[in-house]
Amino acid sequence: MDRKEIAQILTEIGTMLELLGESPFKSRAYYNGARTIELLTEDIEELVRQDRLKEVRGIGKALDEKIKELVNTGRLEYYDRIREKVPPGLFDLLKVPGLGPKKVRTLYEKLGITTLGELEYSCIENRLIDLPGFGEKTQKKALEGIQYLKRNRGRYLYPEALDKARALVDGLRESGLASRVSIAGSLRRRTETVKDIDILASGDLPEAIMDEFSRLPWVDRVLERGSSKLGAVLDSGIRVDLRVVDDGQFPFALHHFTGSKEHNTAMRHRAKGMGFKINEYGIFGESGEGSVQCADEQEFFKYLGLQYIPPEIRENTGEIEAAEQGRLPRLVEYDDIKGIFHIHTRYSDGISSIEEMAKRAIEMGMFYIGISDHSRSAYYAGGLKEEDVLRQREEIERLNGLYEGFRIFAGIESDILTDGSLDYPDEVLASFDFVIASVHSAFTLDRETMTKRLVRALENPHVTMLGHPTGRLILAREGYPVDLERVIETAAGLGKVIELNANPYRLDLDWRWCRRAKEMGVRISINPDAHSSEGLGDIVYGVDAARKGWLEAGDVFNCIPLAEMERLLKRA
DNA sequence: GCCGTTTTCGGCCCGACTGTTTTCAGTCG
């Protein structure tokens, strides 16, 4: 049983305890424990074997025993027992906006409702109205919530939400009513999916700002509105929350509403330890009157004795401690990127020519690109036969003669076959400037076989980097099971590069693992996997993910300048 | 259930909004 499964079970227990009406602090302890386990970098089985679990903060006697049981037996009696008391459908009910554990519990106990369907029916029959703490509005809202869930998975890839959010921010700025406007929330932190858009504005006329906001063309309808907060739905179905504060409060509110929740909690703890209280309105001394003044977030962090923490890494995974010690990384930026690998052209399934790709890359300020069409076993994508490879090579050489200070590298995205071998003979592989090895078939191998497959591919001396290491498609498909720790270890030992595929559906390697790869000394290549010249632009999403993974320019393969890259890729 | 140079008991982050109440619980972020 791995970390993720254990964390999942602990989280589930936390939720069930809430549904059973247990102490909220008890369920929080389980949530904390789950998160702690999820973020462990040490091997959980090793920790259990050495009986060192209890040393981990957040794991006490009870959780220690339960995790041991899970690791040793793959089961947990307590979990099985408690699960009998909580119908599984109640978890679905919790997803209905407006319904929390208390209300769901009432629905179950008073009306015996255990599924979304039963809830919908009961709403139509007006049975919710007379329940304690319920009423007509609650019932109506629940019904709407069910419709919403039916219509919508409720999560969006962040680039989609980002475009909408930017339009809203611009619209509000143009009104001239707001002093400052910013995107906040998980969108500002660039998490791979978001469920809503958070926007923060400051100004003296909150009512006018909210009026203006609700009139913006993308806003479909306003769901709720108070004196400082407005919730609405966009025409695309995305929920958006607008919050308005006084301009002096803006930096504190921006920090507060950017989160993450875990980061905020840790920051409040820290502030408390220093004799302050922080909330969205300011930093207050123990006496409570009057906030400290801060012009912006920079000053906010400075006042609390911290370096400025970029939003992307505010996940309470050590950023506060690092900021305290002045050890925060200087996160990679778009301008650090010197070249772009993993580009498909018309030779396989791309729609742009090599020349168009080169032109666009030069406009983007790049110094080199690496062409890597699909290899011969990728029939579905028009993979290159050996004679195609030669033809493409000639074109690349011809084009390279045209540019000064810009280079096109000739590469290939070679399929990793089921046994871990690649689909060209060694002498063909050796003739490329670089080779990306990727899995495009047989996703259903078991974890051990898949791990060996990837390890063997990395061991091939001609392989430069491993492409999209887990094959996941966000919101669509789980990655295949694989022991990433071992794959990264192998890459580290052999000096191989691992791709961070910048396609917003992939973002693979996951940013959480990027940080691990960095620790182990593996360089990451931020690759757009472009199938058109516009696709090159996806690289910005890869940079976002890399930043979330604490990567610096020195950790990123394609931040290497052209001259050095030419030396690196020179084949013997 | 976790945690402790304030503590082994009594805390545990904080505030807005809604809807149901008639002073507040529940939900959400």
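A quick note: this is a predicted structure, and the numbers were derived from the prediction, not measured.

So, on to the overall build of chain A. Check the secondary structure of chain A and you find 24 helices and 16 strands. By its C-alpha atoms, chain A is 75 × 60 × 50 Å across when sized along the principal axes. Taking all 572 residues of chain A together, the buried fraction comes to 53%. Expressed as a percentage of contacts within chain A between residues at least 6 apart in sequence, the contacts between residues at least 24 apart total 67%. Just so you have it, chain A exposes about 26,300 Å², and 49% of that area is on carbon and sulfur atoms. Positive and negative side-chain charges in chain A, numbering 81 and 96 respectively, have mean positions lying 4 Å apart.

To continue, consider the protein's contact with DNA strand B. Neighbouring residues of DNA strand B: 43 residues in total, closest R28, G58, G98, G135 and R268. Here K137 contributes a backbone N or O atom positioned 3.3 Å from a phosphate oxygen of DNA strand B. R225 is positioned such that a nitrogen or oxygen atom in its backbone is 3.0 Å from a phosphate oxygen of DNA strand B. At the level of elements, helix 2 (24-39), helix 4 (61-73), helix 7 (101-111), helix 9 (136-151), strand 5 (219-225), helix 14 (261-273) and strand 8 (277-279) are the ones that each hand at least two residues to the surface near DNA strand B. Ranked by the residues each element gives to the surface near DNA strand B, the list is headed by helix 2, at five residues. The class makeup of the residues in the surface near DNA strand B is 13 nonpolar, twelve polar and 18 charged.

In this section: helix 17 (residues 354-363). Among the residues making up helix 17, those that are buried are I354, M357, A358 and A361. Looking straight down helix 17, one finds that the buried residues subtend no more than 100 degrees of arc, so they occupy a single side. Of the exposed residues in helix 17, the ones pointing more than 90 degrees away from its buried face are K359 and E363. In this structure, the buried residues of helix 17 make contact with strand 10 (339-343), strand 11 (368-374), helix 18 (386-400) and strand 12 (407-415). Just beyond helix 17, the residue with positive phi is G365, at close to 90 degrees.

Ranked by size, the top nonpolar core spans 94 residues in total, and within it L187, I197, I199, F213, L242, I369 and I408 carry the most contacts. The biggest single contributor to this core is helix 10 (residues 158-174), with seven residues. Per-domain counts for this core show at least three residues from each of domain 3 (156-245) and domain 5 (334-569). In contact with F213, other than residues within four places in its own chain, are L168, L172, I199, V219, L230, V240 and L242.

Let us now look at the sheet that holds strand 11. Taken in spatial order, the seven strands make up an open sheet running 10-11-12-13-14-15-16, and their pairing is parallel. For this open sheet the edge positions go to strand 10 and strand 16 (524-527), each flanked by a neighbour on one side alone. Sheet topology places strand 13 (residues 434-438) next to strand 14 (residues 465-466); two bridges connect them, and they run parallel. Each bridged residue has a counterpart across the sheet, and for A437 the counterpart in strand 14 is L466. Its contacts with the sheet place helix 23 (residues 539-548) against strand 10, strand 15 (497-501) and strand 16, and it is angled at close to 145 degrees to strand 16.

Before going further, it helps to examine the environment of G493. Take G493: it is sitting in helix 21 (residues 484-494). Sequence spacing of G493 and E459 is 34 residues, and the spatial spacing of their C-alpha atoms is 9.8 Å.

As a rule of thumb, non-glycine residues mostly have phi less than zero, and peptide bonds are mostly trans rather than cis. Cis geometry is adopted by the peptide bond preceding S260, which originates at G259 and carries an omega value of 0 degrees. Along the chain, S260 turns up in the loop between helix 13 (250-258) and helix 14. Although it is not a glycine, H342 adopts a positive phi angle of roughly 60 degrees. Structurally, H342 can be placed in strand 10. In this model, L507 sits at a positive phi of 40 degrees, which is unusual for a non-glycine residue. By secondary structure assignment, the location of L507 is in the loop between strand 15 and helix 22 (511-519).

Turning our attention to the pairing of strand 12. Of all nine residues in strand 12, eight are buried; the element is thus mostly enclosed. Sheet topology places strand 11 next to strand 12; seven bridges connect them, and they run parallel. Bridge assignment links G370 to a residue of strand 12, and that residue is F409. The pairing of strand 12 with strand 13 spans five bridges and is parallel. Bridge pairing links D415 to S438 in strand 13.

All right, on to the sheet that holds strand 7 (residues 239-245) then. Here five strands make up an open sheet; going across it, the order is 2-4-7-6-5 and the pairing mixed. A single partner strand is all that each edge strand has here, and the edge strands are strand 2 (180-184) and strand 5. Strand-to-strand twist in this sheet, taken as the mean axis angle between neighbours without regard to direction, amounts to 25 degrees. Against the sheet, helix 13 contacts strand 2, strand 4 (196-202) and strand 7, and its axis sits at roughly 15 degrees relative to strand 2.

This part takes up the pairing of strand 5. Strand direction decides the pairing type here: strand 5 and strand 6 (residues 229-234), joined by five bridges, are antiparallel. Opposite V222, over in strand 6, you have A232 as the bridge partner. Where strand 5 folds back on strand 6, the antiparallel hairpin that results is connected by three residues.

Our next topic: the confidence of the model for chain A. Mean pLDDT over chain A: 91, with 97% of residues reaching 70 or higher. Element-level mean pLDDT values for chain A span from 82 in helix 9 up to 98 in strand 16.

For the rest of this paragraph, the subject is helix 2. Taking 1.5 Å per residue, 16 residues should reach 22 Å; helix 2 reaches 23 Å between its end C-alpha atoms and fits that length. Of the residues making up helix 2, those classed as buried are S27, Y30, G33, A34 and I37. Along the axis of helix 2, the buried residues cluster in a sector spanning 115 degrees; they form a single face. At its buried positions, helix 2 is contacted by helix 1 (3-19), helix 3 (44-49), helix 4 and helix 5 (77-85). At the N-terminal end of helix 2, a side-chain oxygen is found 3.0 Å from the backbone nitrogen of F25, two or three residues along, and the residue is S23.

Looking at where P461 falls in the secondary structure, it is placed in the loop between helix 20 (447-459) and strand 14. The class of P461 is exposed, set by a relative accessible area of 65%. Expressed as a C-alpha distance, the spacing of P461 and D426, which sit 35 residues apart in the sequence, is 9.1 Å.

On to the packing of aromatic side chains, then. Throughout the structure, instances matching the rule amount to 14 aromatic pairs. An angle of 90 degrees between the planes, with centres 5.8 Å apart, marks the rings of Y158 and Y541 as edge-to-face. Here the residue Y158 occupies a position in helix 10, and Y541 occupies one in helix 23, the gap between them amounting to 383 residues. The burial state of Y158 is the same as that of Y541; both residues are buried. Considering the side-chain rings of F276 and Y303, the 5.4 Å spacing of their centres and the 50 degrees angle between planes classify their relative orientation as tilted.

Conventions and cut-offs
- Residues numbered from 1 in each chain as written.
- Chains lettered and ligands numbered in written order.
- Predicted model: local features only at pLDDT ≥ 70, side-chain atom pairs only at ≥ 80, totals over all residues.
- Heavy atoms only, no water.
- Helix = DSSP H or I, 4+ residues; strand = E, 2+ residues; numbered from the N terminus.
- Buried < 20%, exposed > 50% of the residue type's maximum accessible area, 1.4 Å probe, protein only.
- Contact = heavy atoms within 4.5 Å.
- Areas by Shrake-Rupley, 256 points an atom, 1.4 Å probe, with all protein chains shown as cover.
- Lys, Arg positive; Asp, Glu negative; His and termini not counted.
- Charge placed at Lys NZ, Arg CZ, Asp CG, Glu CD.
- Near = heavy atom within 4 Å.
- Polar contact = N/O pair within 3.5 Å; in protein donor to acceptor, adjacent residues only side chain to side chain.
- Nonpolar A, V, L, I, M, F, W, Y, C, P; charged D, E, K, R; others polar.
- Arc of directions from axis to C-beta.
- Core = buried A, V, L, I, M, F, W, Y, C linked by side-chain atoms within 4.5 Å.
- Domains from an automatic or database assignment.
- Pairing = 2+ DSSP bridges.
- Axes fitted to C-alpha atoms, helices over the stretch in contact; angles between N-to-C directions.
- pLDDT = per-residue confidence, 0-100.
- Expected span 1.5 Å × (residues − 1).
- Phe/Tyr/Trp six-rings, centres within 6.5 Å; stacked < 30°, edge-to-face > 60°.

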